[in-house]
Amino acid sequence: MDVELRGITKRFGPVVANDNVNLVIRGGEVLGLLGENGAGKSTMMNMLSGLYTPDEGEILIDGKPVKFDGPGDGIEAGIGMVHQHFMLVPVFTVAENVVLGVEPTGRLGHLDLKKARAQVEEINQKYGLHVPADALIENLPVGIQQRVEILKVLFREADVLILDEPTAVLTPQEVEEFFGIVNGLKEAGKAIVFITHKLHEILAISDRISVLRQGRITGEGDPKTLDEEKLAEMMVGRHVSFTVDKTPAQPGSEMLRLEKVTLLDDKDDRLIDDVSFTVRSGEIVGIAGVQGNGQTELVEVITGLARGNAGRITFAGDDITHTSVRDRHRRGMAHIPEDRHRMGMVDKFTIAENMVLNSYYDEAYAAPLGSIDWNRVNETAAAFCVDFDVRTPSVFLPGGSLSGGNQQKMVVARELERQTQLVVASQPTRGVDVGSIEYIHKRLVESRDEGDGVLIVSSELDEIMGLSDRILVMFEGRIVAEFDNTGGKADRNQVGLAMAGATEGEAA
Ligand SMILES: Nc1ncnc2c1ncn2[C@@H]1O[C@H](COP(=O)(O)OP(=O)(O)OP(=O)(O)O)[C@@H](O)[C@H]1O
Ligand SMILES: [Mg+2]
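Residues numbered from 1 in each chain as written. Chains lettered and ligands numbered in written order. Predicted model: local features only at pLDDT ≥ 70, side-chain atom pairs only at ≥ 80, totals over all residues. Heavy atoms only, no water.

With an unreviewed UniProt entry as reference, the protein chain is termed ABC transporter, source organism Sinisalibacter aestuarii.

S.K.: Help me understand the pattern of salt bridges, please; the structure alone is not making it clear to me.
M.R.: It is possible for side chains bearing opposite charge to pair when their charged atoms get close. Per the stated rule, a full pass over the model turns up 31 salt bridges. Salt bridges linked by common partners bring K246, R448, D449 and D469 together as one network. (Salt bridge = Lys/Arg side-chain N within 4 Å of Asp/Glu carboxyl O.)

S.K.: Please explain the UniProt feature "domain: ABC transporter" (unreviewed entry) in the protein chain as it appears in this structure.
M.R.: The UniProt record marks residues 3-239 and 256-501 with the feature "domain: ABC transporter" (unreviewed entry), using the residue numbering of this structure. Taken end to end, residues 256-501 is 34% helix and 24% strand, and its two terminal C-alpha atoms sit 26 Å from one another. (UniProt positions renumbered as here; feature names shortened; annotations may be inferred. Helix = DSSP H or I, 4+ residues; strand = E, 2+ residues; numbered from the N terminus.)

S.K.: What is the right way to read the side chain of Q146 from this model?
M.R.: Secondary-structure assignment places Q146 in helix α5 (residues 142-155). Discounting residues that sit within four places of it in the chain, Q146 has contacts with V82, F86, P166, L170 and F178. (Contact = heavy atoms within 4.5 Å.)

S.K.: What is the right way to read the domain arrangement of the protein chain from this model?
M.R.: Interface size, as often reported, equals the accessible area lost upon joining of the parts. As far as domains go, the protein chain holds domain 1 (3-236), domain 2 (250-332 + 421-508) and domain 3 (341-418). Each of domain 1 and domain 3 has a C-alpha centre, and the two are 31 Å apart. With six residues of domain 1 at the contact, the number on the domain 3 side is seven residues. Put simply, domain 1 and domain 3 have one salt bridge between them. As a salt-bridge pair, R391 and E36 come within 2.9 Å of each other at their nearest N and O atoms. At the junction of domain 1 and domain 3, the tally comes to three residue pairs in polar contact (both at pLDDT 80 or more). (Domains from an automatic or database assignment. Polar contact = N/O pair within 3.5 Å; in protein donor to acceptor, adjacent residues only side chain to side chain.)

S.K.: How do you make sense of the side chain of E29 when you look at a structure like this?
M.R.: By the secondary structure assignment, E29 is in strand β3 (residues 29-35). Here the side chain of E29 touches R26 through a polar contact of 3.4 Å, side chain to side chain. Those residues within four positions of E29 in sequence are excluded, and the remaining contacts are K186, K190, A191, I192, D207 and R208.

S.K.: I keep staring at the site of ligand 1 and nothing clicks. Help me out?
M.R.: The environment of ligand 1 is formed by 20 residues, the closest being G38, K41, T43, S403 and G405. Contacts to ligand 1 include K41, whose side-chain N or O atom sits 2.8 Å from an oxygen atom. Here an oxygen atom of ligand 1 sits 2.7 Å away from a polar atom, N or O, in the main chain of G405. Within the complex, the protein chains bury 84% of what would otherwise be the 640 Å² of accessible surface of ligand 1. Contributions of two or more residues to the shell around ligand 1 are made by β2 (15-25), α1 (41-48) and α14 (404-416). Here the shell around ligand 1 is built from residues that sort into six nonpolar, eleven polar and three charged. (Near = heavy atom within 4 Å. Areas by Shrake-Rupley, 256 points an atom, 1.4 Å probe, with all protein chains shown as cover. Nonpolar A, V, L, I, M, F, W, Y, C, P; charged D, E, K, R; others polar.)

Quick look at the structure:
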């Protein structure tokens, strides 16, 4: 099946999200879609899948114009979208999730789960998805949940699959497997649209690449003749540096100390197992590890979102083991959370409000009679947006109206613009385009050079290797290896081995 977008324009108030876009998507082909944060990728795909209606232009399927009044129409026409944020019900099984909304029914109109399971199995087999049909979603790793989303679309017999940043939360191993599945779908004749900010991925998986800039298609290319640098330049219109520019660290006093910190889950399993380390002022410590090895919980314990079961945490010499999130924040701890939606922002609040979400009570914003100086807030928020290139026509729009990557930049801006002593940054550049990654990395190094302690948690090994002065590897809740990375001297393979659980002796 071939799909064509012809002269598509979409506006949100003064923002032209898509401007006269022409694009062809062919069966048996992977089209890579690339573009800066806010370029209009998701908007375009939301129109293709029927979620949004174009203001101008038309969509043609096999040459015939179609009109969609909702995602139901899109799927009816064979177009399915896997959104960046999973939309699964955690307490349902895989099969229940897959059939949700289109349940096969038995003779008396009741849900025929047996039939559903059989159908799920069939698709599973056909495309080599290897998803356990009876498992509960909440017990599955994200890599498998991702496949459930694909199963869901295939169950609805989609011929065009739109994958909006499907690899953002996958481990390198899961990405490999995922690419195998995508290639299988392509061979079966499906048309795939693949959106990502990871340039090596788009080069590896696409047959064709289209670049979107400020709502327009500004470039098209053949992955065989393009490289990452050219792609980056096509995207942002300037040269982008992929290496982090920094001088050797000059570690000063101790900012953060963890001593034998342990956190148990409700079954008494050790999520964090006897972890001790320090972060000094003037250094960046990176925690490497495959997602799900306790990094999330470690950050929660450090920032006060969770209470450890044993151990001690000190911040600039003071015991904070039992203090609140707000207390730690007041002492100068910044926190960029890994999940911006759940922890970092309020969709319905304006961008200005989001920018002061945890500082509106500060002296700087105080007005007479205990109220807030909103002029001051708005000016500050606007300045933050300029610094971090948060693309929006106004700070009075809801935070949720920003594109995914711009939401991330908003959260990062809020945390890094504040006076701090310790920055705890979890997946700081998730969903962010290459140009903005360069800037966020530069700002993290600046925080370090101004004397902050910086702790980075990232599942991107490149990010850890590029930013960190010292690398700690976390595996099954423990710190299993430590590497000095002064001048980038840590051995990438050794770090990788430790991440995969090689013992300390083997890794060091
Ligand atoms: N529902 C909405 N209301 C208002 N503006 C919107 C809405 N959805 C998108 N926009 C605006 O349209 C533009 C394009 O956004 P879109 O989400 O398509 O970008 P994107 O290319 O997917 O970016 P990212 O890489 O960050 O995900 C942005 O300026 C965004 O703020
Ligand atoms: Mg998007």
